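# Survey of secondary and tertiary structure
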Amino acid sequence: MNGTLVPWDEARIHVGAHVIHYGSAVFEGIRCYTTPEGPAIFRLDAHMERLFNSAKVYWMELPWSLEQLNEAILETIQVNRLQSCYIRPVAYRGFGQLGVNPLDCPVEVAILVWEWGKYLGAEALEQGVDVCVSSWNRLAPNTLPAMAKTAANYMNSQLIKVDAVKGGFVEGIALDTQGFVSEGSGENLFIVSKGRLITPPLVSSVLPGITRDTVITLAGRLGIPVDEKALPREALYIADEVFFTGTAAEITPIRTVDRRTVGAGRRGPVAEALQKAFFDLIEGRSEDEHGWLTPVPTTSAVAEALGEARPGPRGPGGDSGMHIYDLLKMAS
Ligand code: PPE
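Read on for a plain summary of the structure. (Residues numbered from 1 in each chain as written. Predicted model: local features only at pLDDT ≥ 70, side-chain atom pairs only at ≥ 80, totals over all residues. Heavy atoms only, no water.)

### Examining the pattern of salt bridges
Per the counting criterion, the structure on display carries 15 salt bridges. For the salt bridge of Asp-130 with Arg-255, the shortest nitrogen-to-oxygen distance reads 3.1 Å. Taken together, the positions of Asp-130 in strand S7 (residues 129-137) and Arg-255 in strand S14 (residues 250-257) put the pair 125 residues apart, joining distant regions of the chain. For Asp-130, a relative accessible area of 22% corresponds to the partly exposed category. Across the pair Lys-161 and Glu-171 runs a salt bridge, and its minimum N-O distance is 3.7 Å. Within this pair, whereas Lys-161 is found in helix H5 (residues 153-166), its partner Glu-171 is found in strand S8 (residues 171-175), the two being separated by ten residues in sequence. According to the relative accessible area criterion, Lys-161 is partly exposed, its value standing at 24%. (Salt bridge = Lys/Arg side-chain N within 4 Å of Asp/Glu carboxyl O. Helix = DSSP H or I, 4+ residues; strand = E, 2+ residues; numbered from the N terminus. Buried < 20%, exposed > 50% of the residue type's maximum accessible area, 1.4 Å probe, protein only.)

Next up, the structure:
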């Protein structure tokens, strides 16, 4: 954090920071997986490109270069001795002045890493999840830009998620303001219809997901045609398969939408084939044709120098798959 490793409990910001009052933060969610050659980060370049793009939209000039941030991410994983983890780089406006204009507030960057289990439940990848269509719409065009991954956008996601959970569902799917299918609170969405994959286009207010892009590429390799086109809500009910994609959610099948059974009511063959291709790739069992894996060297001078780095008492959440580590890192 601010260029140094900071123990988890000391990673604080001032209550007057602009981000607290106005949601001024852009961030990424990246996963690092265990491969036979050691830990490797999946599509680091694409995630960092999106981080810089998000920052550009909001006039946030990051005080660190791409190379410095990449180096800091590797180092943070190393010193925490993690084999697989979730990585959260976040750039936010700190304390400068209060008032909407952010330009006098410093841009700060922190990198958090922690172990994060299955996002929508341990069984979800095989059994599928029960979801609803939210009464909340996704961000309207020309209001909050959906292509930027910003903290503020997740207030909309929270409305979608909490209403779904309180209604007994695992997740909610939002429609765009035209009434077409957009995405989940934290995932992109695909349907399978008559052997074709269809996913909403960017104009349906979706985040340009990196897992979405990965699935489109893998589908090409498997010979499955993919269309990006607007989907009416009812297409979800009559699809052969529906699934979510995301860094956290990976490829999660959906077995019911609004209590209607989708297809056979469990993971379908297309989702299964894509999951296999996906996990073979990210866990290093198939050839990394696109250079999507960035290895994390397991020994480093830094890790040795910080040999006493120890698990801390708290972490970002309490689910069983989540461990707690006490080092945060910003670029040095
Ligand atoms: N849409 C939204 C709204 C979204 O938050 C994500 C990722 C995606 C699509 C998929 O994007 P990608 O990860 O690049 O494939 N959501 C992240 C945060 C989840 C969270 O609860 O925090 C994630 O999956 O890491």
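### Structural notes on the pairing of strand S10 (residues 188-193)
Consecutive side chains of a regular strand alternate in pointing toward one face of the sheet and then the other. Most of S10 is tucked away: five of the six residues are buried. Both S10 and strand S13 (residues 241-246) contribute to a ladder of five bridges, which runs antiparallel. When the sheet's bridge partners are listed, Ile-191 is paired in S13 with Val-242. Direction of pairing for S10 relative to strand S11 (residues 196-199): antiparallel, over a ladder of three bridges. Each residue of the ladder has a partner; that of Ser-193, found in S11, is Arg-196. Count of turn residues in the S10/S11 antiparallel hairpin: two residues, of which Lys-194 carries a positive phi of about 50 degrees. (Pairing = 2+ DSSP bridges.)

### Brief notes about the site of the ligand
Among the 23 residues in the neighbourhood of the ligand, the closest are listed as Tyr-86, Tyr-119, Tyr-154, Thr-211 and Thr-247. A distance of 3.4 Å is found between a nitrogen atom of the ligand and a side-chain nitrogen or oxygen belonging to Lys-149. Residue Thr-247 places a side-chain N or O atom 2.6 Å away from an oxygen atom belonging to the ligand. For the ligand, whose free accessible area comes to 550 Å², the fraction covered by protein is 94%. In this structure the site holding the ligand corresponds to the largest pocket. (Near = heavy atom within 4 Å. Polar contact = N/O pair within 3.5 Å; in protein donor to acceptor, adjacent residues only side chain to side chain. Areas by Shrake-Rupley, 256 points an atom, 1.4 Å probe, with all protein chains shown as cover. 1 Å grid on protein atoms, 1.4 Å probe; cavity = no way out; pocket = protein on both sides within 12 Å on 5 of 7 lines; lining within 4 Å. Sits in = over half its atoms within 2 Å of the grid points.)

### Side note on the pairing of S11
As paired elements, S11 and strand S12 (residues 226-228) share three bridges and run parallel to each other. Residue pairing across strands places Thr-199 opposite Glu-228, the latter belonging to S12. With helix H6 (residues 210-222) bridging S11 and the parallel S12, this β-α-β connection has right-handed handedness. (Right-handed = clockwise from strand over helix to strand, strands pointing away.)

### Let's talk about the environment of Phe-278
Mapping Phe-278 onto the fold places it in helix H8 (residues 269-282). Between the C-alpha atoms of Phe-278 and Thr-211, which are 67 residues apart in sequence, the distance is 9.2 Å. Phe-278 has contacts with Tyr-33, Phe-42, Thr-211, Thr-214, Leu-218, Glu-250 and Ile-251, leaving out every residue within four places of it along the chain. (Contact = heavy atoms within 4.5 Å.)

### As for the nonpolar core
Note that soluble globular proteins tend to have their nonpolar side chains buried in a common cluster. Ranked by size, the top nonpolar core spans 25 residues in total, and within it Ile-41, Ile-73, Ile-77 and Ile-87 carry the most contacts. Residue contributions to this core peak at five residues, all from helix H3 (residues 66-79). Apart from residues lying up to four places away in sequence, Ile-87 is in contact with Glu-28, Gly-29, Ile-30, Arg-31, Cys-32, Ile-41, Ile-73, Ile-77, Ile-111, Leu-112 and Val-113. Of all hydrophobic cores here, the second largest spans 23 residues; its members include Tyr-33, Ile-251, Leu-274 and Leu-281. (Core = buried A, V, L, I, M, F, W, Y, C linked by side-chain atoms within 4.5 Å.)

### Focus on the layout of surface pockets
As a volume, the largest pocket reaches approximately 1,100 Å³. If you trace the largest pocket, you find 47 residues lining it, with Phe-27, Tyr-86, Arg-88, Trp-114 and Tyr-154 closest to the centre. Of all the secondary-structure elements, those providing two or more residues to the lining of the largest pocket are helix H1 (18-22), strand S2 (25-27), strand S5 (85-93), strand S6 (107-114), H5, strand S9 (181-184), H6 and S13. The biggest single contributor to the lining of the largest pocket is H5, with six residues. Here the lining of the largest pocket is built from residues that sort into 26 nonpolar, 13 polar and eight charged. (Points joined across faces, edges and corners; volume = space filled by probe spheres on them. Nonpolar A, V, L, I, M, F, W, Y, C, P; charged D, E, K, R; others polar.)

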